[in-house]
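In case you want the letters, here they are:
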Amino acid sequence: MAENYVVPIATAIRNLDNNRYPLDYYMGFGWDGLRAYAHEILLSDEDEALFASYQQLVKNQTEFNPQNCN
């Protein structure tokens, strides 16, 4: 599941953020979409906490603004 959904979503968001951080920093965004589908079976509590902390860092530091897109 991660290969089919999470990694492509994380990669796309990383590209939007000009590849500022390693891919792991964007994995939380990909896992967010799977919360309704028992993602906890596939993702450990430790990984979930790590990805959430990385995700928050990206949100706080990104310069991406969709209103500046053409």
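These lines cover the structure that appears in this document, whether it is placed above or below.

What counts as what
Residues numbered from 1 in each chain as written. Predicted model: local features only at pLDDT ≥ 70, side-chain atom pairs only at ≥ 80, totals over all residues. Heavy atoms only, no water. Core = buried A, V, L, I, M, F, W, Y, C linked by side-chain atoms within 4.5 Å. Buried < 20%, exposed > 50% of the residue type's maximum accessible area, 1.4 Å probe, protein only. Helix = DSSP H or I, 4+ residues; strand = E, 2+ residues; numbered from the N terminus. Contact = heavy atoms within 4.5 Å. Phe/Tyr/Trp six-rings, centres within 6.5 Å; stacked < 30°, edge-to-face > 60°. Patch = residues over 30% accessible without salt bridge, like charges linked within 9 Å, V, L, I, M, F, W, Y side chains within 5 Å. Areas by Shrake-Rupley, 256 points an atom, 1.4 Å probe, with all protein chains shown as cover. Salt bridge = Lys/Arg side-chain N within 4 Å of Asp/Glu carboxyl O. Lys, Arg positive; Asp, Glu negative; His and termini not counted. Charge placed at Lys NZ, Arg CZ, Asp CG, Glu CD.

Before going further, it helps to examine the nonpolar core. With twelve residues, the main nonpolar core is built from V6, A10, Y21, Y25, Y26, M27, F29, W31, L34, L43, F51 and V58. Of all the secondary structure elements, the ones that give two or more residues to this core are α1 (2-16), α2 (27-32) and α3 (45-61). Among the elements that make up this core, the one with the highest residue count is α2 (three residues). Once residues lying within four places of it in the same chain are set aside, the contact partners of V58 are D17, Y21, Y25, Y26 and F29.

When we look at a pair of aromatic rings, we describe it by the centre distance and by the angle of the planes. A full pass over the atoms with the stated rule returns three aromatic pairs. Note on Y21 and Y25: the rings are 5.2 Å apart at their centroids and 10 degrees apart in plane angle, and the pair reads as stacked. A relative accessible area of 17% places Y21 in the buried class. Site record: aromatic cluster; members linked through ring pairs are Y21, Y25, Y26 and Y54.

The subject of this paragraph is a negative patch on the surface. Taken together, D24, D45, E46 and D47 make up a surface patch of like negative charges. Structurally, the position occupied by D24 is in the loop between α1 and α2.

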